[in-house]
Structure formats: structure tokens, C-alpha cells
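# An overview of the molecular structure
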Amino acid sequence: MSDTIITRFPPSPTGYLHVGGARTALFNWLYARKTGGKFILRIEDTDIQRSTQESVNAIFEGLNWLGIDWDAGPFYQTQRFDVYKTYLNQLVNDKKAYYCTCSPETVEAMREKARAEGRNPMYDGSCRHKNLAPQDGAVVRLCTPDTGSTRIDDIIKGPIAIPNTEIDDFILRRSDGVYTYNFAVVIDDLTMDVTHVIRGDDHVSNTPKQILIYEALGAKVPKFGHVPMVLGPDRTRLSKRHGAMGVMEYQKMGFLPEALLNYLVRLGWSYGDQEFFTIEDMKRLFSLESIGRSPGVFDMEKLTALNAEHIQKSTQERLRPLFLEQMQALCIPHDPQDPRLNAIITLLQPRSKTLVDMAQQAESFFVAPSAYCEVASKKNFKAESLDVLKKIREKLTKTEDTSEAAMEALLHSVCEEMGLKLGKVGGPLRVALTGKGFSPGMGEMLALLGKERTLPRLDAAIAHLEAKG
RNA sequence: GUCCCCAUCGUCUAGCCCGGUCCAGGACACCGGCCUUUCACGCCGGCGACAGGGGUUCGAAUCCCCUUGGGGACGCCA
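The shown structure was predicted, so the numbers you read here are calculated from the model rather than taken from an experiment.

Moving on, we get to the overall build of chain A. Of regular secondary structure, chain A possesses 18 helices and 12 strands. For chain A, the C-alpha radius of gyration of 31 Å lies well beyond 23 Å, the compact-globule estimate for 469 residues. Projected onto its principal axes, the C-alpha coordinates of chain A cover approximately 105 × 45 × 35 Å. Relative to its 469 residues, chain A shows a buried fraction of 50%. If you take every contact in chain A between residues at least 6 apart in sequence, the share linking residues at least 24 apart comes to 75%. Entry remark: accessible area of chain A is about 21800 Å², with carbon and sulfur atoms responsible for 52%. When the 58 basic and 60 acidic side-chain charges of chain A are each reduced to a single mean position, those positions are 2 Å apart.

Bringing the protein's contact with RNA strand B into the picture now. Looking at RNA strand B, there are 62 residues lining it, with R174, S205, G268, R351 and S439 nearest. Residue K302 places a side-chain N or O atom 2.8 Å away from a base nitrogen belonging to RNA strand B. Note that a base nitrogen of RNA strand B is positioned 3.4 Å from one of the backbone N or O atoms of M442. Looking at the surface near RNA strand B residue by residue, the classes come out as 19 nonpolar, 22 polar and 21 charged.

On to the side chain of Q316, then. Within the element layout of this structure, Q316 appears in helix 11 (residues 316–329). The class of Q316 is buried, set by a relative accessible area of 16%. Separated by 3.0 Å, the side chains of Q316 and T346 make a polar contact.

Following both chains from N to C, one finds helix 16 (residues 404–418) and helix 17 (residues 422–434) inclined at 120°, their axes separated by 9 Å at the closest point. Considering their axes alone, helix 16 and helix 17 lie oblique with respect to each other. In the packing of helix 16 onto helix 17, the handedness of the crossing is right-handed. The segment helix 16 lies against helix 17, with L411, H412, V414 and C415 engaging L422, V425 and L429. A class-by-class count of the residues in the contact of helix 16 with helix 17 yields six nonpolar, one polar and no charged.

Turning our attention to the domain arrangement of chain A. Each assigned domain of chain A is listed here: domain 1 (6–78 + 229–305), domain 2 (80–227) and domain 3 (319–468). One C-alpha centre belongs to domain 1, the other to domain 3; they are set 41 Å apart. With seven residues of domain 1 in contact, the opposing surface of domain 3 contributes eight residues. Buried surface at the junction of domain 1 and domain 3, both sides included, amounts to about 520 Å², of which 62% is carbon and sulfur. Linking domain 1 with domain 3 are one residue pair in polar contact (both at pLDDT 80 or more). Classifying every residue of the side of domain 1 that touches domain 3 gives three nonpolar, three polar and one charged.

The next thing to look at is the environment of D357. Within the fold, D357 resides in helix 13 (residues 355–366). Sequence spacing of D357 and A308 is 49 residues, and the spatial spacing of their C-alpha atoms is 10.0 Å. Setting aside residues up to four positions removed in sequence, D357 forms contacts with R351 and S352.

So, on to the packing of aromatic side chains. On inspection of all chains with the given rule, the structure shows 13 aromatic pairs. Aromatic side chains W269 and F286 sit 5.5 Å apart centroid to centroid with 40° between the ring planes, which places their arrangement in the tilted category. Of the two residues, W269 is situated in the loop between helix 8 (257–266) and helix 9 (279–285) and F286 in the loop between helix 9 and strand 12 (296–297); the sequence distance between them amounts to 17 residues. The pair formed by W269 and F286 is uniform in burial state, with each residue classed as buried. Through successive ring pairs, a cluster of aromatic residues spans F27, W269, Y271, F277 and F286. Its guanidinium or amino end placed over the ring of F276, K313 lies 4.0 Å from that ring's centre, counting from NZ or CZ. In this arrangement the basic side chain of R340 is found over the ring face of F366, its NZ or CZ atom lying 5.4 Å from the centre.

Before going further, it helps to spend a moment on the side chain of T24. On the secondary structure map, T24 appears in helix 1 (residues 19–35). Apart from residues lying up to four places away in sequence, T24 is in contact with F9, I198, R199 and G200.

The next thing to look at is helix 2 (residues 53–66). Taking 1.5 Å of rise per residue, the 14 residues of helix 2 would be expected to cover 20 Å, and the 20 Å separating its terminal C-alpha atoms lies within 8% of that figure. The set of residues buried in helix 2 consists of S55, V56, A58, I59, F60, G62, L63, W65 and L66. At its buried positions, helix 2 is contacted by strand 1 (6–9), helix 1, strand 2 (38–43), strand 3 (72–76), helix 7 (247–252) and helix 8.

Quick notes on the rules
Residues numbered from 1 in each chain as written. Chains lettered and ligands numbered in written order. Predicted model: local features only at pLDDT ≥ 70, side-chain atom pairs only at ≥ 80, totals over all residues. Heavy atoms only, no water. Helix = DSSP H or I, 4+ residues; strand = E, 2+ residues; numbered from the N terminus. Rg over C-alpha atoms; globule rule 2.2 N^0.38 Å. Buried < 20%, exposed > 50% of the residue type's maximum accessible area, 1.4 Å probe, protein only. Contact = heavy atoms within 4.5 Å. Areas by Shrake-Rupley, 256 points an atom, 1.4 Å probe, with all protein chains shown as cover. Lys, Arg positive; Asp, Glu negative; His and termini not counted. Charge placed at Lys NZ, Arg CZ, Asp CG, Glu CD. Near = heavy atom within 4 Å. Polar contact = N/O pair within 3.5 Å; in protein donor to acceptor, adjacent residues only side chain to side chain. Nonpolar A, V, L, I, M, F, W, Y, C, P; charged D, E, K, R; others polar. Axes fitted to C-alpha atoms, helices over the stretch in contact; angles between N-to-C directions. Parallel < 35°, antiparallel > 145°, perpendicular 65-115°, else oblique. Left-handed = near helix turned anticlockwise from the far one by under 90°. Domains from an automatic or database assignment. Buried area = accessible area lost by both parts, 1.4 Å probe. Phe/Tyr/Trp six-rings, centres within 6.5 Å; stacked < 30°, edge-to-face > 60°. Lys NZ or Arg CZ within 6 Å of the ring centre and 35° of its normal. Expected span 1.5 Å × (residues − 1).

Below is the structure:
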């Protein structure tokens with residue numbers, strides 16, 4: 001009755017939320033948000049053997065982390081059998097579906113035969129005209145047309161026609177009374193008034209079957225849009241062997257959800273040359289028309305680059321809790337109340353690819369180096385370095401102003417007085433303070449470390465150098 | 001095997017629908033350089049693609065056909 005657009009995301013709870021599923025969810029969600037429509041979450045748990053509550057929870061967790069919210073649901077298919085039953089009976093009464101008692105072995109033999117004859121392996125419809133009475137242990141199959149073809153007017157791929165000879169009388173309800181995916185999906189989409197079915201490419205062959213169910217029911221067929229799949233670097237369907245699949249693993253690796261979403265939305269969809277999108281940008285600019293037709297390879301490097309950009313453009317309020325969370329997760333000693341936190345984050349923002357990266361770099365601000373990197377000390381702890389460090393120490397003791405500018409000035413005066421280039425001063429100091437060969441600028445480090453942390457580290461380095469001789 | 005889909009730099013893509021402005025643009029990666037106390041950031045430059053073949057046309061990345069290549073589906077899984 002209304003023209004509200006209704007989309008849905010129907011994961012099967014047989015594992016975590018993976019990036020492919022996340023992208024499908026994202027597209028459906030964005031389309032609903034863009035058009036002011038509704039987005040439904042539905043759990044397709046009709047595979048009772050493999051469905052688990054942990055998986056359901058993992059899917060919620062993933063969706064929550066990504067910030068993908070839904071307007072209705074979650075609905076569970078296993079709780080909707082009474083609905084399915086009504087529609088199934090209608091089909092049987094109308095002679096559009098029938099009971100079949102062929103055993104799995106018999107059907108397999110049919111498939112084998114078809115294969116041998118160079119045809120698509122399928123059920124041959126031998127029970128179709130037997131007019132079998134409803135009975136336990138029998139499956140219910142749909143009567144599918146033997147001629148003609150079924151057309152999909154795909155929003156993304158354009159018209160697709162599948163010959164009906166390729167579609168067998170598939171099962172709507174199993175012998176144990178559980179409804180199959182193809183049937184449950186149609187009844188759900190129908191009764192939930194779904195207007196747009198946006199899903200992975202791997203479903204194109206299911207679509208004509210589903211259309212046939214709508215037609216047998218005399219129901220209105222929704223619009224379909226099949227988005228190309230996400231491939232691994234070897235150009236096959238993304239799977240476990242390609243490594244990180246679960247969305248939450250990306251959180252552990254220090255990715256921002258908005259960065260993952262940005263990456264995912266751009267994988268297959270485009271808006272001119274724009275690469276960087278905030279969530280708000282996506283909601284405003286997304287369109288089904290601009291989704292490409294070819295599959296895309298998941299590229300960690302590009303995701304990482306995008307993540308760096310999102311970190312760089314992010315705000316203090318956004319980053320601070322995530323940063324703290326990451327410090328915690330990595331067991332890096334720190335003080336969550338430290339007044340320097342904002343300054344540290346700001347300093348690290350342009351130099352961090354991930355939150356993990358940022359947290360690791362932040363360590364130096366909280367704890368003294370436990371050791372000096374061999375390469376770095378070999379390169380920077382030279383003969384004259386001992387005097388340099390002593391000089392810095394001496395000057396630092398005498399200053400009160402530890403602002404970045406004052407610290408820069410201090411370093412420059414050391415250079416001047418000792419007739420050294422900045423590198424000869426900054427190098428040893430860097431190793432003394434961080435133990436590493438790289439870090440932010442020494443002025444910035446000194447200012448953030450303050451005398452109370454700098455002096456002991458200087459003393460330790462001086463002792464280290466004196467011991468070395 | 002059968003059916004369906006796809007095809008622009010290594011990767012993501014713009015351009016394709018409505019042929020000329022494209023000896024094909026952007027981004028990631030890579031390589032140089034600048035900046036610089038290190039590492040990053042930033043900036044500048046470079047490398048790098050219309051799968052192949054036929055048409056149609058004055059003209060094709062863009063339209064048509066074939067070939068090749070890739071992906072997907074063929075379950076009492078979803």
C-alpha cells in the first residue's frame with residue numbers, strides 16, 4: 001500500500017559475521033537509510049544441525065560493532081513454521097505443490113543419470129502426478145514449469161533469463177517437516193513486505209526458483225539486486241583460507257568500523273572518484289545504480305590505508321575510548337586518566353595505520369625502554385653521545401619551561417654549543433628515551449614526557465653508555 | 001558436464017546506458033624526489049590497463065557477434 005522501501009539482511013547463524021555478509025548487510029542498510037525505508041534483520045536458522053546461538057550472538061556483535069542497526073526483527077525462521085504451513089497448504093490445495101516419497105538415493109540416481117546425459121543434474125518429477133496424500137516422511141515439492149524461462153529483472157545486472165528446463169521440482173518442506181531456505185525466504189519476504197532483495201551473486205540461481213514460488217502463490221514479486229561477490233587474492237570466493245574473515249577480527253587488528261564500512265562500500269560501489277566516505281556520506285550518497293557488475297578482490301593494503309585516513313580525520317572523542325580499549329587489550333601499561341592522553345593521540349593520529357599501531361607507539365609515553373634496539377643504538381650511540389646526553393640532562397635540569405618550543409630550543413642550543421648537527425643530538429636522545437630508532441619529533445617527545453620521565457631515562461642511558469666504555 | 005554471470009593499470013575503480021572532449025582519470029601498492037633530528041604525515045613526479053578476434057561506424061574502452069579467461073550455481077545447506 002505504501003511505497004516505503006523495505007530491505008533485509010537474513011544471515012544463517014552458522015558462523016560469525018564475515019566481511020561478505022557485512023557488505024551485503026551494509027548495502028541493504030544503506031539503501032533503506034538513503035530512501036527513508038526500513039531494514040529488517042532475520043535469522044535464517046532452518047538448518048537446525050548447524051545453527052547455533054553463539055553464531056546468532058556473533059552476528060549481533062558484528063552488526064553492533066559496525067553500527068548497522070535494524071528497524072524490525074530479529075525474526076527467527078524456526079519460529080514461523082505456522083506461517084509457512086498456511087502457504088504450503090495453499091500451494092498443495094491448488095495443486096501447485098505435491099508430496100513426494102522418493103528417497104534421497106532415488107533422487108541421487110536421477111541426478112546421476114541426468115549428468116551422464118549431459119543435462120543439469122536434477123529431480124525428474126516422478127511423483128508430480130501421483131497425487132500422493134499428505135504423509136509423514138514425505139517431502140513437498142513445487143510444480144515447476146517444463147517450458148519457457150523465468151526472468152529476473154535484476155537491478156544491478158539487468159535482465160537475466162533462466163530456462164525452466166534447468167529448474168527441477170525442488171523441495172519446499174523436508175521429510176522431517178522443516179521448511180527449506182527457498183520456501184521460507186519467499187514467505188518471509190512476502191509477509192514482511194520486503195520490496196528489495198539485495199543479496200550476493202551466489203543467489204542468482206535461487207532467484208528463479210523463488211520467483212516461481214511467488215507466481216504459484218499469485219503474489220507480487222519483489223525487486224532483486226544481486227551484488228557481485230567478494231573474492232580472495234586468488235580470485236576465488238572469499239573464505240577461511242584467505243585469513244581474517246570475521247568482522248570482529250578487524251576490530252582486534254585495530255580497524256575502525258567506519259573504515260571497514262568505507263572499504264566495503266567502495267568494493268563494488270562507487271561515487272565518481274571519491275574514496276573517503278563517512279557513514280553519513282554513505283547514507284546520503286549510496287545508490288543501487290552505481291553498484292558494479294564484476295566481483296572484487298579484497299585488499300588488506302587498501303583497507304589499511306583507508307583506516308589510516310579515518311584515524312587521521314577522526315576526532316579526539318571518537319578515538320580516545322577506542323585507544324584506551326586497545327591499550328588495555330594489548331596490556332600496555334598506561335593511565336586512563338593521564339592528562340596527556342589527548343596530546344598523545346593527536347600526535348600519533350597521522351602516524352598510525354591502525355589502533356594497534358597507535359597503542360604500540362604510545363607505549364614510550366608511559367614506560368621507559370626496557371632495552372635499546374640493537375640497530376638503533378649501534379647507529380646512534382656513538383663516542384660523543386655520552387657527552388650529548390649529559391649536556392641535555394644538565395640543561396634540562398635547569399629549565400622550568402618544558403613546552404615543545406622550549407624543548408626544541410634546548411636541543412638547538414646543545415647543537416650549537418657542541419658544534420653538532422641536530423641528527424647527532426636527536427639520534428642518541430631518541431634511543432635513550434624510546435629505545436627505538438624512530439619516534440615522533442624529539443621536541444614533541446620531551447614536552448610530553450616531561451622532566452620527571454625524561455631525567456631517569458637519560459640517567460639510564462648515560463649509565464648504559466658508561467658501562468659500555 | 002549443464003545453466004547463469006562477469007571482463008579498464010598488480011588491486012579497487014571513473015568513463016560504457018546517451019560512440020568523438022580518453023594516445024583512458026582517481027585511489028591503494030610500488031619507485032623516485034622534496035620536506036626533515038629519526039620514522040611517519042604532507043607535497044611533487046614516475047611506472048602501470050581498455051583480454052583477443054571479427055564486425056557496425058567517418059570514428060569504439062564505449063554498440064553487436066565469436067573466442068578465451070575468470071567467477072558462481074546445480075543439496076531433504078543457506
